[in-house]
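The residues making up each chain are set out below.
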Amino acid sequence: MKLSELFLNFFGAGKLPRPRIATILIAWGIGVALLLFLGPKSLFSLAFAFFLIGLFESNKISDDAEKTDKITLDAAVGVWVALSVAAYAPALTPALAYAVPLALLGALGAFFLFDRWAPSTIGWIRRNLRGGLQVMLDDVLAGFAAGLLVLLVFKGISIFFR
């Protein structure tokens, strides 16, 4: 297996049974660890770097539909974006017990929701763009949407439970 394939399959997670779910769960675990040790800005920077590399590498194989279906790096990047944004949610509700784990689990659940549902712009990108941009961008937007949903829920909780 070439290094670029290993990278696009998120270091082998794309070869596991149920590769997309496996990648999302593994990326979530790695992302939580990086978030707790390095912080949200570092995790977002890493997600951005992986996005750029994934964009160019997946663009090289975008003509081969069988290979692009096996790319799972996009899901990992989306999860990391969701975690990076959702990491700021507990600050909105400092009195809420277990705010940090709730925000992290909320980011995971919301990413699953937006990744499968693909509403609005996310779905449009999936249907209409091609190449590396289509492979990577829909999951990045799903990650942003997931993180923003967590922020909105925590903001609502902070207003409702003053």
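The structure this text deals with has already been given above.
A brief look at the structure comes next. (Residues numbered from 1 in each chain as written. Predicted model: local features only at pLDDT ≥ 70, side-chain atom pairs only at ≥ 80, totals over all residues. Heavy atoms only, no water.)

### Looking at the overall build of the chain
Then comes step 1: Within the chain one finds eight helices and zero strands.
Then comes step 2: Ordering the α and β elements of the chain from the N terminus gives α-α-α-α-α-α-α-α.
Then comes step 3: The C-alpha radius of gyration computed for the chain amounts to 16 Å, which stays within 12% of the reference 15 Å derived for 162 residues, consistent with globular compactness.
Then comes step 4: Seen along its three principal axes, the alpha-carbon backbone of the chain occupies a region of about 55 × 35 × 25 Å.
Then comes step 5: For the chain, the residues scored as buried account for 44% of the 162 residues in total.
Then comes step 6: Pairs at least 24 apart in sequence give 75% of the contacts found in the chain among residues at least 6 apart.
Then comes step 7: Surface summary for the chain: the accessible area is close to 8,800 Å², and the carbon and sulfur share equals 70%.
Then comes step 8: With 14 positive and 10 negative side-chain charges, the chain shows a spacing of 9 Å between the two charge centroids. (Helix = DSSP H or I, 4+ residues; strand = E, 2+ residues; numbered from the N terminus. Rg over C-alpha atoms; globule rule 2.2 N^0.38 Å. Buried < 20%, exposed > 50% of the residue type's maximum accessible area, 1.4 Å probe, protein only. Contact = heavy atoms within 4.5 Å. Areas by Shrake-Rupley, 256 points an atom, 1.4 Å probe, with all protein chains shown as cover. Lys, Arg positive; Asp, Glu negative; His and termini not counted. Charge placed at Lys NZ, Arg CZ, Asp CG, Glu CD.)

### Section: helix α7 (residues 120-128)
Then comes step 1: Every buried residue belonging to α7 is among Ile 122, Gly 123 and Ile 125, and all of these are buried. Taken around the axis of α7, the buried residues stretch over an arc of 155 degrees, which confines them to a single face. Relative to its buried face, α7 has exposed residues pointing more than 90 degrees away, namely Ser 120 and Arg 127.
Then comes step 2: Buried residues belonging to α7 abut α6 (99-117) and α8 (131-160). (Arc of directions from axis to C-beta.)

### Focus: a nonpolar patch on the surface
Then comes step 1: Together, Phe 44, Phe 48, Leu 52, Phe 56 and Phe 144 make up a nonpolar patch on the protein surface, roughly 460 Å² of accessible area in all.
Then comes step 2: Looking at the nonpolar patch element by element, the count peaks at four residues for helix α3 (residues 40-60).
Then comes step 3: Within the secondary structure layout, Leu 52 lies in helix α3.
Then comes step 4: Residue classification places Leu 52 among the partly exposed positions, given a relative accessible area of 32%. (Patch = residues over 30% accessible without salt bridge, like charges linked within 9 Å, V, L, I, M, F, W, Y side chains within 5 Å. Salt bridge = Lys/Arg side-chain N within 4 Å of Asp/Glu carboxyl O.)

### Details of the packing of aromatic side chains
Then comes step 1: All chains considered together, the criterion is met by eight aromatic pairs.
Then comes step 2: Measuring from centroid to centroid gives 5.2 Å for Phe 50 and Trp 80, while their planes differ by 65 degrees, and the two rings are edge-to-face. Residue Phe 50 is located in helix α3, and its partner Trp 80 is located in helix α5 (residues 73-86); the two are separated by 30 residues in the primary sequence. Like Trp 80, Phe 50 is buried.
Then comes step 3: An aromatic cluster is defined as three or more aromatic residues linked by ring pairs; in this entry it consists of Phe 7, Phe 10, Phe 11, Phe 50 and Trp 80. (Phe/Tyr/Trp six-rings, centres within 6.5 Å; stacked < 30°, edge-to-face > 60°.)

### Quick notes on the packing of α3 against α5
Then comes step 1: Relative orientation of the contacting elements α3 and α5 amounts to 155 degrees, with a least axis distance of 9 Å. With respect to α5, the element α3 is oriented roughly antiparallel. Here α3 and α5 pass one another in a crossing that is left-handed. Along the contact surface, α3 presents Pro 40, Leu 43, Phe 44, Leu 46, Ala 47, Phe 50, Phe 51 and Gly 54, while α5 presents Leu 73, Val 77, Trp 80, Val 81, Leu 83 and Ser 84.
Then comes step 2: A per-class count over the contact of α3 with α5 returns twelve nonpolar, two polar and no charged. (Axes fitted to C-alpha atoms, helices over the stretch in contact; angles between N-to-C directions. Parallel < 35°, antiparallel > 145°, perpendicular 65-115°, else oblique. Left-handed = near helix turned anticlockwise from the far one by under 90°. Nonpolar A, V, L, I, M, F, W, Y, C, P; charged D, E, K, R; others polar.)

### Brief notes about unusual backbone geometry
Then comes step 1: Although it is not a glycine, Phe 10 sits at a positive phi angle of roughly 50 degrees.
Then comes step 2: Locating Phe 10 in the fold gives a position in the loop between α1 (3-8) and α2 (19-38).
Then comes step 3: Given the relative accessible area of 4%, Phe 10 is considered buried.
Then comes step 4: In this model, Ala 118 sits at a positive phi of 50 degrees, which is unusual for a non-glycine residue.
Then comes step 5: One can find Ala 118 in the loop between α6 and α7.

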